[in-house]
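Letter by letter, the chains look like this.
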Amino acid sequence: MADYLIILDALEVMIRLGIHPREAEPQRVIISVEMTVRYPQAPAEDAIDEVLDYDFVREGILALAAGRHFSLQETLCEAIAAICLADPRVTQVSVRTSKTDIYPDARIGCAIVRTRG
């Protein structure tokens, strides 16, 4: 077995996220994802078909951002984790979100870790 940590770091999206009236409009959110991916063996070739193509994670997050309003960062994190765990090679996923513009002096965020099985 060969495990790899695949990282999508600091993806900035505009998303409707929050419970306050001022959050009805899209706001800037930074999303980072780390996936532990297990392969039967280390890739023998330098070819994308031997590994997880992480485009599906980015595209899935962008679709979530365009498609709905989330009241809670916790719910957004769970939705992103579910996208990642849809690939059976992903054994664990860590998702972190940060609202960047709520406070002038701090970000506010949420992080979760989900493991298959």
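Model, not experiment: these values are computed from the prediction.

Conventions used here
- Residues numbered from 1 in each chain as written.
- Predicted model: local features only at pLDDT ≥ 70, side-chain atom pairs only at ≥ 80, totals over all residues.
- Heavy atoms only, no water.
- Phe/Tyr/Trp six-rings, centres within 6.5 Å; stacked < 30°, edge-to-face > 60°.
- Helix = DSSP H or I, 4+ residues; strand = E, 2+ residues; numbered from the N terminus.
- Buried < 20%, exposed > 50% of the residue type's maximum accessible area, 1.4 Å probe, protein only.
- Expected span 1.5 Å × (residues − 1).
- Pairing = 2+ DSSP bridges.
- Salt bridge = Lys/Arg side-chain N within 4 Å of Asp/Glu carboxyl O.

## Overview of the packing of aromatic side chains
So, step 1. Tallied over the entire structure, the rule returns one aromatic pair.
So, step 2. When the centroid spacing of 5.6 Å and the interplanar angle of 50 degrees are considered together, the rings of Tyr4 and Tyr39 count as tilted. Taken together, the positions of Tyr4 in strand E1 (residues 2-17) and Tyr39 in strand E2 (residues 27-39) put the pair 35 residues apart, joining distant regions of the chain.
So, step 3. Classification of Tyr39 as buried rests on a relative accessible area of 4%.

## Looking at helix H2 (residues 73-85)
So, step 1. The end-to-end C-alpha distance of H2 is 18 Å, a good match for the 18 Å that 13 residues give at a rise of 1.5 Å each.
So, step 2. Looking at H2, one finds that the buried residues are Gln73, Leu76, Cys77, Ala79, Ile80, Ala81, Ile83, Cys84 and Leu85.

## Things to note about the sheet that holds strand E5 (residues 106-115)
So, step 1. An order of E3-E1-E2-E4-E5 is seen for the five strands of this open sheet, with the pairing classed as mixed. Single-partner strands in this sheet number two, and they are strand E3 (69-70) and E5.
So, step 2. Relative to E3, E1 runs parallel, the two being bridged by two bridges. Residue pairing for E3: Leu17 is matched across the bridge by Phe70.

## Focus on the environment of Thr97
So, step 1. Its place among the elements puts Thr97 in strand E4 (residues 90-103).
So, step 2. The buried category is assigned to Thr97, whose relative accessible area is 0%.
So, step 3. Residues Thr97 and Glu12 lie 85 residues apart in sequence; the distance between their C-alpha atoms is 9.8 Å.

## Re the pattern of salt bridges
So, step 1. Taken as a whole and judged by the stated rule, the model has six salt bridges.
So, step 2. Taking the shortest distance from any N to any O, the salt bridge between Glu12 and Arg28 comes out at 3.7 Å. Here Arg28 lies in strand E2 and Glu12 lies in strand E1, a separation of 16 residues in the sequence.
So, step 3. On the accessibility criterion, Glu12 (47% relative accessible area) is partly exposed.
So, step 4. Using a relative accessible area of 26% as the deciding quantity, one classes Arg28 as partly exposed.
So, step 5. The residue Glu23 makes a salt bridge to Lys99 at a minimum N-O spacing of 2.6 Å. Of this pair, Glu23 sits in the loop between E1 and E2 while Lys99 sits in strand E4, and the two are 76 residues apart along the sequence. Lys99 carries the same exposure label as Glu23, and that label is buried.
So, step 6. Among the charged side chains, a salt-bridge network with shared partners connects Glu12, Arg28 and Asp101.

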